[in-house]
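Listed below are the residues making up each chain.
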Amino acid sequence: MASLKLKNIYKKYPGGVTAVNDFNLDIQDKEFVVLVGPSGCGKSTTLRMIAGLEEITSGELLIDGKLVNDIAPKDRDIAMVFQNYALYPHMTVFENMAFGLKLRKTPKGEIKKRVQEAARILEIEHLLDRSIKALSGGQRQRVALGRAIVREPKVFLMDEPLSNLDAKLRATMRTEIIRLHQRLQTTIIYVTHDQTEAMTMGSRIVVMKDGYIQQVESPQVLYEKPVNKFVAQFIGTPQMNIAEVRVEKSGEDVLLRLGRWTVKLPKRKAEVLERYGYIDKTVLMGIRPEHIHDEPVYIEQFKDCIIEAPIDVIELLGSESLVYFTIEDVSFVSRIKPRHNLYVGDVQRFAINSERVHIFDKDTENIITN
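These numbers come from a predicted model, not from an experiment. (Residues numbered from 1 in each chain as written. Predicted model: local features only at pLDDT ≥ 70, side-chain atom pairs only at ≥ 80, totals over all residues. Heavy atoms only, no water.)

1. A few points about the pattern of salt bridges
Considering all chains together, one arrives at 23 salt bridges under this definition. Close ionic contact of aspartate 75 with lysine 74 constitutes a salt bridge, the shortest N to O distance being 3.4 Å. Residue aspartate 75 is classed as partly exposed on the basis of its relative accessible area of 48%. With its nearest N and O atoms 3.2 Å apart, the salt bridge here joins arginine 335 to glutamate 320. Pair noted here: arginine 335 is in strand E18 (residues 330-336) and glutamate 320 is in the loop between strand E16 (306-316) and strand E17 (321-327), with a separation of 15 residues, a long-range link. Salt bridges here are not isolated pairs; linked through shared partners, they connect Lys11, Arg48 and Glu54. (Salt bridge = Lys/Arg side-chain N within 4 Å of Asp/Glu carboxyl O. Buried < 20%, exposed > 50% of the residue type's maximum accessible area, 1.4 Å probe, protein only. Helix = DSSP H or I, 4+ residues; strand = E, 2+ residues; numbered from the N terminus.)

Below, the structure is given as structure tokens:
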């Protein structure tokens, strides 16, 4: 397999449009890296530059230490799985999987062996003689993966390969690709706009916005310690609650004020705000839905962090409920245990877990303290 290094990569189009800005990333051998971000953030363009399908405007792309900027796509030893599968409808499954090997004049015996092994791994041996037209979406996705596997490339590139599948099949195929990575022990670079895919699949996640890398971290670190408001709200479903609050000093305590409600900060967070001169200034408070509680034990534990509001909407999801409410024209959502005695319009008390509050600078939107 292979390691990759992307060094000061830029992609600029005629007319002054810059799709990728100063992209720097080291990808280790056998790593599963996910590029995630909203549409137009540059993630697919970056993937296509790695594949050689887009020319790099400036910067260096190295595979196993070798500069490959000017090397043709077919000579980079990379296999790409596309969003639309890019299969040949007039060919059988076997012929589709074998096509790339035939172009390389691989011996027939070797082709048959590789195709059958890939089909066994993907559990599509019984489909080898079928026409592509006769396959379901999930089966076509497996064939597209199989066509990449038989080439035994150094790197697999996957460009939103599950976006055309329904929700249930997408979840199944996520698991299949994770197992495939574990079995093949290969380097995978995977592009998606779906943060759930990113969180469940990647060993590291690259969050992108407007052509720039925002943060590169493991899924858990991204979730718990986002570097800015964008990452905080992009990662996590439902997204993090954000509210403008005023920082106040009351005796020895530092409080975040939202209208008539206040949240008393733990000493560690309070010291950071004081040290950097945020007393009597407006900041952004972030709190994830699961850290807004309505259970008596939390109401008692965080009695200096209580808010109260009528319930706007309740979404019952079986194992949990999402409760929406509004304070000072700011919409909040809380993820709580399901209850039958909770109704829209009820005035409900909630406790904010102040240990889990994130505070961002209002102007830069960068993190002040997690």
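That shown, we press on.
2. Digging into empty space enclosed by the protein
According to the stated counting rule, one finds 1 cavity of 30 Å³ or more in the structure shown. A volume near 50 Å³ is recorded for the largest cavity. Together, Val245, Leu256, Leu258, Trp261, Thr262, Val263, Met285, Ile307, Phe332 and Ile352 line the largest cavity. Elements that contribute at least two residues to the lining of the largest cavity include exactly strand E12 (253-258) and strand E13 (261-264). Of the residues assigned to the lining of the largest cavity, the class counts are 9 nonpolar, 1 polar and no charged. (1 Å grid on protein atoms, 1.4 Å probe; cavity = no way out; pocket = protein on both sides within 12 Å on 5 of 7 lines; lining within 4 Å. Points joined across faces, edges and corners; volume = space filled by probe spheres on them. Nonpolar A, V, L, I, M, F, W, Y, C, P; charged D, E, K, R; others polar.)

3. With respect to the sheet that holds E17
Across the sheet, which stays open at both edges, the 5 strands sit in the order E15-E19-E16-E17-E18 with antiparallel pairing between neighbours. Each edge of the open sheet is held by one strand with a lone partner, namely strand E15 (292-293) and E18. Sheet analysis places E16 next to strand E19 (residues 347-352), joined by 5 bridges and oriented antiparallel. Of the residues in E19, the one forming a bridge with alanine 309 is glutamine 348. (Pairing = 2+ DSSP bridges.)

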